[in-house]
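The primary structure of each chain is shown beneath.
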Amino acid sequence: EVQLVESGGGLVQPGGSLRLSCAASGFTFSDHYMDWVRQAPGKGLEWVGRTTNKANSYTTQYAASVKGRFTISRDESKSSLYLQMNSLKTEDTAVYYCARRQGSSAWGIIDYWGQGTLVTVSS
Amino acid sequence: DIQMTQSPSSLSASVGDRVTITCQASQDINNHLNWYQQRPGEAPKLLIYGASNLATGVPSSFSGRGSGTDFAFTISSLQPEDFATYYCQQYDNLPLTFGGGTKVEIK
């Protein structure tokens, strides 16, 4: 059974940093592109960024709103995905979802989502 | 970025009703469109990918159609568990972008 379990959310002050983790199980982690998607309270879904799979050298791409502040990484030995968030702003307050793309394709079909972890940026 | 315009933003319907939601892309996205369901307090769930392909385990009461810029998602007979928010999402180009959502409520 595919499982994605996020952790690391919490309350942080504006300008602060936080690192989210996502533990993956039930599939061959290195085969899949992985994404982070967020959802502000009461709002819609916003793509944050993605990392490619092993075959495509684990490259990353980011939304303009987080580029230069957020960094996605992965540890294949732990089947884990990370989101390092720096210079946090109040508008980064959201539930952050770890998500897996279908198959080993680059196509952005997200077939599994974690339960989400809440990040609150407030003074 | 490709803008996804979803309508309506909300609707009220009864159990057994047929419901259709539309999604329009700001440019041609071929058939690179997904539909997700999100119940309150839960993560989104993939229902339809590639505009018209049913995801694994999804009931055939859900369907999707369209290509290019205009897409539609239909629930043929609304069930109690279908009351949720539905999102379209394009994957023709990065950044992945989502529609604003359609909240389906009980009449």
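See above for the structure.
Residues numbered from 1 in each chain as written. Chains lettered and ligands numbered in written order. Predicted model: local features only at pLDDT ≥ 70, side-chain atom pairs only at ≥ 80, totals over all residues. Heavy atoms only, no water.

**Q** Honestly, the pairing of strand β8 (residues 80–85) of chain A in this entry has me stumped. Any pointers?
**A** The side chains of a regular strand alternate, residue by residue, between the two faces of the sheet. Residues and elements named next belong to chain A. In terms of residue burial, β8 counts as a mostly covered element, since five of its six residues are buried. As judged from the six bridges shared by strand β3 (residues 18–25) and β8, these two strands associate in the antiparallel manner. Each bridged residue has a counterpart across the sheet, and for Leu 18 the counterpart in β8 is Met 85. As paired elements, strand β7 (residues 70–75) and β8 share six bridges and run antiparallel to each other. Bridge pairing in β8 places Phe 70 opposite Met 85. The hairpin formed by β7 and β8 contains four residues between the paired strands, and Ser 79 there has a positive phi angle of roughly 45°. (Buried < 20%, exposed > 50% of the residue type's maximum accessible area, 1.4 Å probe, protein only. Helix = DSSP H or I, 4+ residues; strand = E, 2+ residues; numbered from the N terminus. Pairing = 2+ DSSP bridges.)

**Q** What is the right way to look at the nonpolar core in this model?
**A** One recurring pattern in soluble globular proteins is that nonpolar side chains are buried together. All names here are of chain A. The biggest cluster of nonpolar side chains holds 67 residues, and the ones touching the most others in it are Trp 36, Tyr 96 and Trp 113. Top contributing element to this core by residue count: strand β9 (residues 94–101), with five residues. Leaving out residues up to four positions away in the same chain, Tyr 96 has contacts with Glu 6, Leu 20, Trp 36, Val 37, Arg 38, Val 48, Phe 70, Leu 83, Met 85, Gly 116, Thr 117 and Val 119. (Core = buried A, V, L, I, M, F, W, Y, C linked by side-chain atoms within 4.5 Å. Contact = heavy atoms within 4.5 Å.)

**Q** Is there a simple way to think about the pattern of salt bridges in this case?
**A** Once their charged atoms are close, side chains differing in charge can pair, the charge on each being opposite to the other. All names here are of chain A. Under the criterion given, the structure shown has seven salt bridges over all chains. Between Arg 38 and Glu 46 there is a salt bridge, with the nearest N and O atoms lying 2.7 Å from each other. Among the ionic pairs, Arg 74 bridges to Glu 76, the shortest N-O distance being 2.6 Å. When its relative accessible area of 14% is taken as the criterion, Arg 74 is described as buried. (Salt bridge = Lys/Arg side-chain N within 4 Å of Asp/Glu carboxyl O.)

**Q** Hey, could you run me through the environment of Gln 27 of chain B in this one?
**A** Residue and element names in this part refer to chain B. Relative to the elements of secondary structure, Gln 27 occurs in the loop between β3 (19–25) and β4 (33–38). When its relative accessible area of 37% is taken as the criterion, Gln 27 is described as partly exposed. Separated by 67 residues in sequence, Gln 27 and Leu 94 place their C-alpha atoms 13 Å apart.

**Q** I tried to follow the sheet that holds β3 of chain B on my own but got confused; where do I start?
**A** Where strands meet in a sheet, backbone hydrogen bonds hold them as pairs that are either parallel or antiparallel. Residue and element names in this part refer to chain B. Strand order in the open sheet made by the four strands is β1-β3-β8-β7, with antiparallel pairing throughout. Either end of the sheet is taken by a strand with one partner, and the two such strands are β1 (4–7) and β7 (62–67). Each strand of the sheet is rotated relative to its neighbour by a mean of 15°, with strand direction disregarded. Inspection of the sheet shows β1 paired to β3 by four bridges, in the antiparallel sense. Across the sheet, the residue bridging to Met 4 is Ala 25, located in β3. (Axes fitted to C-alpha atoms, helices over the stretch in contact; angles between N-to-C directions.)

Everything listed here is a matter of coordinates, which is why it stays silent on function.
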